[in-house]
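Residues per chain are reported as follows:
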Amino acid sequence: MSNGIPSKIFQGVKFLLTANFYLSVIVLMMGSISSLSGSDVIFDFSPDFYNPLLNNLRIMMIYLAISEIGICVYGILRKKFQAIILTGFFLVLITGSLEFYGQINNIPIDPDFPLFFLYIGLSHILFGVLANIEKALATGHEK
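Keep in mind it's a predicted model, so treat the numbers as computed, not measured.

Draft legend 1. Structural view of the overall build of the protein. From N to C terminus, the protein includes 5 helices and 0 strands. Ordered by position from the N terminus, the helices and strands of the protein form the series α-α-α-α-α. Sorting the 143 residues of the protein into buried and exposed places 34% on the buried side. Partitioning the intrachain contacts of the protein with sequence separation of at least 6 by distance along the chain shows that 73% fall at a separation of at least 24. Only carbon and sulfur atoms are counted for the fraction: they give 70% of the accessible area of the protein, which is about 8700 Å².

Shown next as C-alpha cells:
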C-alpha cells in the first residue's frame with residue numbers, strides 16, 4: 001500500500017483489531033483460569049446456579065483455553081489465519097448453543113457467557129479477515 005491516507009487508516013484499523021484480538025485472547029485465558037480457580041470474577045459459578053453442570057462448565061473453559069493456545073500459535077506462526085476465523089465462527093456458535101442448551105434443560109445460563117463468547121468470536125473473525133487481507137495485499141505486491 002502507498003503511504004497515503006488510506007494506508008494510514010488501514011494501519012490504524014489493523015492496530016485496533018490486532019490489539020482487540022490479543023485482548024480477547026487474554027480475556028479468554030482469564031475466564032478459563034478464573035473458572036478453574038472457582039473465582040466468580042468473570043462468571044457466576046455459584047453451585048445454586050449450575051449445580052449439576054458446574055464442573056462441566058469449568059472443564060469446558062479449560063479445554064477452550066488449551067485449544068486457544070494451539071490455534072493462536074499455529075495460526076500466527078504459520079500465517080494460517082483461516083484457522084483463527086474458523087475458531088471465531090465456532091465461538092460465536094457457542095453463544096447460541098448455550099442459550100439452546102439452557103432452554104432445553106431448563107437451566108439458567110449466566111448472561112455473561114453469551115457476551116463473552118460473542119466478543120471473543122467476533123474478535124477472532126475480524127482479526128483473521130484483516131490478516132488475510134493484509135497477507136493477500138503483501139502477496140500481490142511481490143508479483
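Draft legend 2. Representation of the pattern of salt bridges in the model. The final tally for this structure, using the stated rule, is 1 salt bridge. In this structure, Glu-134 and Lys-14 form a salt bridge, with 2.7 Å as the shortest nitrogen-oxygen distance. Of this pair, Glu-134 sits in helix α5 (residues 112–142) while Lys-14 sits in helix α1 (residues 5–37), placing them 120 residues apart in sequence. A residue is classified by how much of its surface remains accessible, and Glu-134, at 27% relative accessible area, is partly exposed. Lys-14 gets classed as partly exposed once you look at its relative accessible area, which sits at 25%.

Draft legend 3. Up close: the packing of aromatic side chains. One pass over the full model with this rule turns up 7 aromatic pairs. Look at Phe-89 and Phe-90: their rings are 5.6 Å apart centre to centre, the planes differ by 70°, and that puts the pair in the edge-to-face class.

Draft legend 4. Expanded view of the environment of Lys-135. Mapped onto the fold, Lys-135 is located in helix α5. Residue classification places Lys-135 among the partly exposed positions, given a relative accessible area of 35%. Separated by 54 residues in sequence, Lys-135 and Phe-81 place their C-alpha atoms 9.4 Å apart. Side-chain polar atoms of Lys-135 contact the backbone oxygen of Lys-79, separated by 2.8 Å.

Draft legend 5. Broad picture of the side chain of Ser-123. Relative to the helices and strands, Ser-123 is located in helix α5. Taking the relative accessible area as the measure of exposure, Ser-123 reaches 4% and is therefore buried. Reaching out from Ser-123, the side chain makes a polar contact with the backbone oxygen of Tyr-119 at a distance of 2.8 Å. Look past the residues within four positions of Ser-123 in its chain and what remains in contact with it is Asn-20, Phe-21 and Ser-24.

Draft legend 6. Here's a closer look at the side chain of Ser-34. The topology assignment puts Ser-34 in helix α1. In this structure Ser-34 comes out as buried when scored by relative accessible area, which is 7%. Side-chain polar atoms of Ser-34 contact the backbone oxygen of Gly-31, separated by 3.1 Å.

Draft legend 7. The environment of Asp-110, seen in detail. The residue Asp-110 is located in the loop between α4 (81–104) and α5 in this model. The buried category is assigned to Asp-110, whose relative accessible area is 4%. Along the chain, Asp-110 and Leu-98 lie 12 residues apart, while their C-alpha atoms are 9.6 Å from each other.

Analysis parameters
The numbering scheme is per chain: residues are counted from 1 as the chain's sequence reads. Totals for whole chains, interfaces and linings use all residues, but because this is a predicted model, local features are given only for residues with pLDDT of at least 70 and pairs of side-chain atoms are given and counted only at 80 or more. To get the side-chain values, all heavy atoms of the structure are used, and hydrogens and water are removed first. Put simply, DSSP marks the helices as runs of H or I at least four residues long and the strands as runs of E at least two long, and each gets a number from the N terminus on. Between buried and exposed lies partly exposed: a residue is buried under 20% and exposed over 50% of the maximum accessible area for its type, with that area taken using a 1.4 Å probe on protein chains only. Residue contacts are counted whenever heavy atoms from the two residues lie within 4.5 Å of one another. All accessible-area figures derive from a Shrake-Rupley calculation using a 1.4 Å probe, and residue coverage is judged against the displayed protein chains alone. Counted as salt bridges are all cases of a side-chain nitrogen of Lys or Arg within 4 Å of a carboxyl oxygen of Asp or Glu. Stacked, edge-to-face and tilted labels apply to pairs of Phe, Tyr and Trp rings (six-membered ring for Trp) whose centres lie within 6.5 Å, assigned for plane angles under 30 degrees, over 60, and everything in between, in that order. Counting of polar contacts relies on pairs of N or O atoms within 3.5 Å, with two restrictions inside protein: one atom must be capable of donating a hydrogen and the other of accepting it, and residues adjacent in sequence are counted only when both atoms are side-chain atoms.

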